[in-house]
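Examination of the molecular architecture
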Amino acid sequence: MLYRELGKTGEQVSILGFGAMRLPTTNSNGNIDEEKATEMLTYGIDNGINIIDTAYTYHTDKMGDDPGNSEPFIGEFLQSGFREKVLLSTKSPSWIVEKKEDLDFYLEEQLKRLQTDSIDIYLLHTLSESNWQTLKSVDVFEFMDRVLESGKVKHIGFSTHAELETLVEILDDYDKWEVALTQMNYLDESYQTGLSGLQYLNSLNVGNMIMEPLRGGRLVQNVPDSVLNIMNNSEVKRTPLEWALEYLWDMESVDCVLSGMNSIEQVKENIEIANRSKINSISSHDKQIIKEVAREYNSLKGNDCTQCMYCMPCPEGVDIPNCFKEYNISKMLDNPAASAMQYFSLIPDENKPENCTKCNKCLRLCPQMINIPEELDKVHDLFGDEFDHF
């Protein structure tokens, strides 16, 4: 396994990390198949993976605020002689925090669930512009300073699905950040924090971990023939999985890629690819192939929204551009169930399409001449009213 230094933490981290959000289950997302998951984690660690990433709410049956079963399972697994072999990363449920005492409450609960007295990497989970303001109002800086000094947390960081401006604000507000977890794959160069975010994190020497390298598995499932034909024009022949992972590991600014593996076969395949990956190993010709693949995927989207924002603000509060963004991604990758998690977690209920009253004020504003109310109906028809896609 290859290792890279995780920014200013100084930790040597395997380029492939084990994401514990999509462990194998039986009957429901909350019921982890412990035998299979134990086999996968054991094989991964025995073959070089040295970081496991989980969160307070991973492996629940419904998306929300309830504690999931991932942390307790990981905590029990690590008692079998593995705790000293891995960096343990988990996330505080920042969107639930309403008062300063909540920060300590969740950390103490997570320490118990994980059966440890110290968390190696503690991330404030899915920071957004709004919940970051809430956290600052309850003196999150004092909390972070204190838990670092006490040793309950070794390295502090955050995860985010926000836009670049919010990432910069968060980073500029606190000078002790050591790790950030952002979304990146070859379709997301200009999505959320994007490549510019990676570059800014690198300039600050903040350790950079990547989530959604496969877009929830969608970059390797049901790949269109038109995409496969483009990939076959490369100098080095790669599987869709190799394209997705090597694209990231080719970058100097990427320290660790977290993969939500859910079978022993996936663990073995990912490790095999990681073992032969290197920085700057993709030829200029093949980098152009990646761009052509991304363009082909984009041509398969559901409507022509360019995210110009001319339709905003909607008088009813509908987040038109982001509703269309997740809708278009689901169409590109032909997997609405997999896209639903992002749709329901990133877009609040008050900003969803069902709030559209068809006032039609947006119609004259769209330079692409999209019938926005009709397209919003399609978004709602695709995703439904609630996240029940497990």
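Structure's up top.
Everything in this summary refers to the structure shown in the same document. All of these numbers come straight from a predicted model, not from anything done at the bench. (Residues numbered from 1 in each chain as written. Predicted model: local features only at pLDDT ≥ 70, side-chain atom pairs only at ≥ 80, totals over all residues. Heavy atoms only, no water.)

**Some thoughts on the overall build of the chain**
Within the chain one finds 14 helices and 10 strands. In summary, the chain has a C-alpha radius of gyration of 21 Å against a globular reference of 21 Å for 390 residues, a match within 12%. Along the first, second and third principal axes, the C-alpha atoms of the chain reach 60 × 55 × 45 Å. Looking at the chain residue by residue over its 390 residues, the buried ones come to 54%. A fraction of 76% describes how many contacts in the chain between residues 6 or more apart in sequence connect residues 24 or more apart. Counting 35 positive and 65 negative side-chain charges, the chain places the centres of these two groups 3 Å from one another. (Helix = DSSP H or I, 4+ residues; strand = E, 2+ residues; numbered from the N terminus. Rg over C-alpha atoms; globule rule 2.2 N^0.38 Å. Buried < 20%, exposed > 50% of the residue type's maximum accessible area, 1.4 Å probe, protein only. Contact = heavy atoms within 4.5 Å. Lys, Arg positive; Asp, Glu negative; His and termini not counted. Charge placed at Lys NZ, Arg CZ, Asp CG, Glu CD.)

**Some words on the state of the cysteines**
All chains considered together, the criterion is met by zero disulfides. Free of any disulfide, Cys-305 has its nearest cysteine sulfur in Cys-311, 6.5 Å distant. Its sulfur unpaired, Cys-356 is 6.4 Å from the next cysteine sulfur, which belongs to Cys-362. (Disulfide = S-S within 2.5 Å.)

**Points about empty space enclosed by the protein**
In this approach, a probe sized like a water molecule rolls over the atoms, and the result shows the empty space that is left. This model, assessed by the stated rule, comprises one cavity of 30 Å³ or more. The element that contributes the greatest number of residues to the lining of the largest cavity is helix α12 (residues 320-333), accounting for three residues. For the lining of the largest cavity, the class distribution of residues is 13 nonpolar, three polar and no charged. (1 Å grid on protein atoms, 1.4 Å probe; cavity = no way out; pocket = protein on both sides within 12 Å on 5 of 7 lines; lining within 4 Å. Points joined across faces, edges and corners; volume = space filled by probe spheres on them. Nonpolar A, V, L, I, M, F, W, Y, C, P; charged D, E, K, R; others polar.)

**Details of helix α13 (residues 336-346)**
Regarding α13, the residues found buried are Ser-339, Ala-340, Met-341, Gln-342, Tyr-343 and Phe-344. Residues of α13 that are buried sit in contact with β8 (179-183), α12 and α14 (372-383).

**So, the sheet that holds β8**
Spatially, eight strands are ordered β3-β4-β5-β6-β7-β8-β9-β10 in a closed barrel, and the strand pairing comes out parallel. Strand-to-strand twist across the sheet, computed as the mean angle between neighbouring axes with direction ignored, equals 30°. With six bridges joining them, strand β6 (residues 119-127) and strand β7 (residues 153-160) adopt parallel strand pairing. The residue bridging Ile-121 from the neighbouring strand is His-155, located in β7. (Pairing = 2+ DSSP bridges. Axes fitted to C-alpha atoms, helices over the stretch in contact; angles between N-to-C directions.)

**Considerations on the layout of surface pockets**
What the second largest pocket holds in volume is close to 480 Å³. As for the second largest pocket, its lining consists of 19 residues, of which Leu-187, Ser-190, Tyr-191, Asn-298 and Met-332 are closest to the centre. Of all elements in the fold, only α11 (284-299) and α12 reach the threshold of two or more residues within the lining of the second largest pocket. When residues in the lining of the second largest pocket are grouped by element, the largest group, five residues, is from α11. Of the residues contributing to the lining of the second largest pocket, the split by class is eight nonpolar, five polar and six charged.

**Things to note about helix α3 (residues 100-113)**
Counted at 1.5 Å a residue, the expected span for α3 with its 14 residues is 20 Å, and the 21 Å between its end C-alpha atoms agrees. Looking only at α3, the buried set comprises Asp-102, Leu-103, Tyr-106, Leu-107, Gln-110, Leu-111 and Arg-113. With its buried residues spanning 165° around the axis, α3 presents them on a single face. Relative to its buried face, α3 has exposed residues pointing more than 90 degrees away, namely Glu-101 and Lys-112. Packing partners of the buried residues in α3 comprise α2 (70-78), β5 (87-92), β6, α4 (129-137), α5 (140-150) and β7. (Expected span 1.5 Å × (residues − 1). Arc of directions from axis to C-beta.)

**A look at the pattern of salt bridges**
Summed over the entire model, instances satisfying the criterion amount to 25 salt bridges. For Glu-71, the salt bridge identified is with Arg-113, shortest N-O distance 2.7 Å. With a gap of 42 residues between them, Glu-71 in helix α2 and Arg-113 in helix α3 connect regions that are remote in the sequence. By relative accessible area, Arg-113 is classed as buried at 15%. Here Arg-238 and Asp-286 are joined by a salt bridge, their closest N and O atoms 2.8 Å apart. (Salt bridge = Lys/Arg side-chain N within 4 Å of Asp/Glu carboxyl O.)

**A short note on the packing of aromatic side chains**
As enumerated under the stated definition, the model contains 12 aromatic pairs in all. Their ring planes at 50° and their centres at 5.9 Å tell us that Trp-132 and Trp-177 sit as a pair that is tilted. Taken together, the positions of Trp-132 in helix α4 and Trp-177 in the loop between α6 (164-173) and β8 put the pair 45 residues apart, joining distant regions of the chain. Taken as a pair, Trp-132 and Trp-177 share a single burial class, namely buried. Put simply, the rings of Trp-132, Phe-141, Phe-158, Tyr-174 and Trp-177 touch in pairs and so form one group of aromatic residues. Cation over ring: Arg-238 sits above Trp-243, and NZ or CZ is 4.7 Å from the ring centre. (Phe/Tyr/Trp six-rings, centres within 6.5 Å; stacked < 30°, edge-to-face > 60°. Lys NZ or Arg CZ within 6 Å of the ring centre and 35° of its normal.)

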